[in-house]
Amino acid sequence: MASILEVSGLRKSYGNFELNDISFTIQEDCITGFIGANGAGKSTTIYSLLNLVRREAGTITFRGKDISADERLFKDKIGVVFDSSSFYDELTIQEMTSLIAPSYSEWNQRAYQEYLDMFSLQKEHIIGMLSKGMKMKYALALALSHNAELLIMDEPTSGLDPFMRKQFIRILKTYMEAGSRAVFYSTHNTTDLDQSADMLIMIHAGTILFEENKDALLEKFRIVKGDVKLLPDIQPFMLNFDKSNYGFTGITDKAEKIKAAYPEVLIERAAIEDIMLAYIK
Ligand SMILES: Nc1ncnc2c1ncn2[C@@H]1O[C@H](COP(=O)(O)OP(=O)(O)OP(=O)(O)O)[C@@H](O)[C@H]1O
């Protein structure tokens, strides 16, 4: 698989927080989910790679070319959506779009109008009067209407209702159908990633903990449930666990071994959230 974006040796610090030599790759034809706890460094990574905050070190290459050589070209080829998008509150959607659209070489007014209709947004709407979810939809309409090759989004589904979140996933899949494209987005909604992501990158305290194929990751871990009597024997095979008077629940990457030695335990598939907790507990 070809890489579309490569981030290498990214550093940025704020007081006690530091992005610690972050490197990862966004693959073409993949939706990559960017996960991590509050304050892990997701937004700082996204803002630094987009040069919206000044990075202290690091190289970003887009389709093999350093983006610093031609940042305008890079920005022309990507669509961005942020949790707190910076639009002018006093303008209408039409006025705001007329400022933004001319900066894109492949602006598609028809596609844009279709997204506005799909999201029930009207061009007369004043930006400052839009709800958080409506602003997000507007940002999404802009990002999807200039033939971007890569979508980079920071918590695009925060503020979206469950219907729109489903629609968001459908839109991403349709977007990917054109081929040679990619999506990179941060989210706390791991169930959305279950349905949409091909790759997952997890960051914790400014460090990348893993960058893996989602299905391979989900295959690697299992939830183990059993009687507390077994805990002393099974504990060494688990990454973490909780126990109550009734039993224990833990997560393991050695399910086969546990099942072979203790057939009475219950082994279940782990969710992305379980895996995240296993890495940071
Ligand atoms: N402009 C800033 N000035 C000072 N510190 C900042 C700034 N932006 C982020 N930070 C700090 O950097 C750290 C990482 O924040 P960041 O917003 O990147 O995390 P995040 O993973 O996106 O979190 P969340 O999931 O809560 O949005 C935090 O400790 C935060 O307080």
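Predicted model, so just to flag it, every value in this text is computed and none were measured.

**Focus on helix α11 (residues 272–280)**
For an α-helix the count is 3.6 residues per turn, leaving residues at separations of three or four pointing the same way.
(1) Moving on: All of the buried residues in α11 are Ile272, Ile275, Met276 and Ala278. Each buried residue of α11 lies within a common arc of 160 degrees when the element is viewed along its axis, so the set occupies one face.

**Notes on the pattern of salt bridges**
(1) Moving on: What the rule picks out here adds up to 17 salt bridges.
(2) Moving on: Residue Asp21 is joined to Arg11 by a salt bridge in which the shortest nitrogen-to-oxygen separation is 3.9 Å. Of this pair, Asp21 sits in strand β2 (residues 17–27) while Arg11 sits in strand β1 (residues 3–14); the two residues are ten residues apart in sequence, bridging distant segments of the chain.
(3) Moving on: Of the residues examined, Arg11 reaches a relative accessible area of 30% and is grouped as partly exposed.
(4) Moving on: In this structure, Arg165 engages Asp192 in a salt bridge whose closest nitrogen and oxygen atoms are separated by 3.2 Å. Of this pair, Arg165 sits in helix α6 (residues 162–177) while Asp192 sits in helix α7 (residues 190–196), and the two are 27 residues apart along the sequence.
(5) Moving on: Taken together, the salt bridges that share partners define one network made up of Glu28, Arg63, Lys77, Glu106 and Glu149.

**What about α6?**
(1) Moving on: Compared with the 22 Å implied by 1.5 Å per residue over 16 residues, the 23 Å span of α6 between its first and last C-alpha is a close match.
(2) Moving on: All buried positions along α6 are accounted for by Met164, Gln167, Phe168, Ile169, Ile171, Leu172, Tyr175 and Met176.
(3) Moving on: Looking at the buried side of α6, the elements it contacts are β3 (31–35), α4 (109–118), α5 (132–143), β7 (150–154), β8 (182–186) and α7.
(4) Moving on: Its side-chain oxygen at 2.9 Å from the backbone nitrogen of Phe163, Asp161 defines the N-terminal cap of α6.
(5) Moving on: One or two residues past the end of α6 sits Gly179, with phi positive at roughly 85 degrees.

**Quick look at the sheet that holds β2**
One key point about sheets: their strands pair by backbone hydrogen bonds, in either a parallel or an antiparallel sense.
(1) Moving on: Spatially, four strands are ordered β2-β1-β4-β5 in an open sheet, and the strand pairing comes out antiparallel. Two strands in the sheet have a free side with no partner beyond their single neighbour: β2 and β5 (65–66).
(2) Moving on: With eight bridges joining them, β1 and β2 adopt antiparallel strand pairing. Its bridge partner lying in β2, Ser3 is registered against Gln27.
(3) Moving on: Running at roughly 115 degrees to β1, helix α1 (residues 42–49) makes contact with β1, β2 and β4 (57–62) of the sheet.

**Concerning the pairing of strand β10 (residues 207–213)**
(1) Moving on: Bridge count between strand β9 (residues 199–204) and β10: six bridges; the pairing is antiparallel. Pairing of Ile203 across the sheet is with Ile208, part of β10.
(2) Moving on: Two successive antiparallel strands, β9 and β10, enclose a turn made up of two residues, where Ala205 displays a positive phi of approximately 45 degrees.

**Section: the packing of aromatic side chains**
(1) Moving on: For the coordinates displayed, the defined rule picks out twelve aromatic pairs.
(2) Moving on: Between Phe24 and Phe184, the ring centres sit 5.4 Å apart and the planes meet at 35 degrees, which makes this aromatic pair tilted. With Phe24 in strand β2 and Phe184 in strand β8, this residue pair connects regions lying 160 residues apart in the sequence. For the pair Phe24 and Phe184, a shared accessibility class is recorded, and that class is buried.
(3) Moving on: Summarising the aromatic geometry, the rings of Phe168 and Tyr185 are spaced 5.5 Å apart at their centres and angled 75 degrees between planes, so their arrangement reads as edge-to-face. Highlighted residues: Phe168 in helix α6 and Tyr185 in strand β8, separated in sequence by 17 residues.
(4) Moving on: Classification of Tyr185 as buried rests on a relative accessible area of 0%.
(5) Moving on: Taken together, Phe24, Phe34 and Phe184 form an aromatic cluster joined through their ring pairs.

**Details of the side chain of Ser145**
(1) Moving on: Note on placement: Ser145 falls in the loop between α5 and β7.
(2) Moving on: Side-chain polar atoms of Ser145 contact the backbone nitrogen of Tyr112, separated by 3.4 Å.

**So, the domain arrangement of the chain**
(1) Moving on: Considered domain by domain, the chain is made up of domain 1 (3–213) and domain 2 (221–280).
(2) Moving on: Computed from C-alpha atoms alone, the centre-to-centre distance between domain 1 and domain 2 is 36 Å.
(3) Moving on: Domain 1 puts twelve residues into the contact, and the matching count from domain 2 is six residues.
(4) Moving on: Summing both sides of the interface, domain 1 and domain 2 together bury roughly 780 Å²; the carbon and sulfur share of this comes to 79%.
(5) Moving on: When residues of domain 1 are sorted by the area they lose upon contact with domain 2, Thr190, Met202 and Phe210 head the list and together hold 46% of the total.
(6) Moving on: Where domain 1 meets domain 2, there are zero salt bridges.
(7) Moving on: Across the contact surface, domain 1 and domain 2 share one residue pair in polar contact (both at pLDDT 80 or more).
(8) Moving on: For the side of domain 1 that touches domain 2, the elements supplying multiple residues, two or more each, are α7, β9 and β10.

What counts and how
Counting restarts for each chain, with residues numbered from 1 along the sequence as it is written. Where totals are concerned, whole chains, interfaces and linings use all residues; where local detail is concerned, this predicted model gives features only for residues with pLDDT of at least 70, and gives and counts side-chain atom pairs only at 80 or more. With hydrogens and water set aside, each side-chain value is computed from the structure's full complement of heavy atoms. For every residue, the accessible area (1.4 Å probe, protein chains only) is compared with the maximum for its type, and the residue is labelled buried under 20%, exposed over 50%, or partly exposed between those bounds. Each helix is a run of H or I in the DSSP string that is no shorter than four residues. Each strand is a run of E no shorter than two, and both are numbered from the N terminus. The arc in question is traced by the directions running from the helix axis to the C-beta atoms. What counts as a salt bridge is simple: a side-chain nitrogen of Lys or Arg found within 4 Å of a carboxyl oxygen of Asp or Glu. For a helix, the expected span equals 1.5 Å multiplied by the number of residues minus one. The contact rule is simple, with two residues in contact once any of their heavy atoms fall within 4.5 Å. Residues adjacent in sequence count toward polar contacts only when both atoms are side-chain atoms; beyond that, a polar contact is any pair of N or O atoms within 3.5 Å, and within protein one must be able to donate a hydrogen and the other to accept it. In this analysis, strands are considered paired if DSSP registers two or more bridges between them. Axes here mean lines fitted to C-alpha atoms, for a helix over just the part in contact, with angles spanning 0 to 180 degrees between N-to-C directions. Two rings from Phe, Tyr or Trp (for Trp, the six-membered ring) form a pair when their centres are within 6.5 Å of each other. A pair whose planes differ by under 30 degrees is stacked, one over 60 is edge-to-face, and the rest are tilted. Domains are outlined according to an automatic or database domain assignment. Buried area, as used here, totals the accessible surface that two parts lose on assembly, with accessibility defined by a 1.4 Å probe and the loss added over both.

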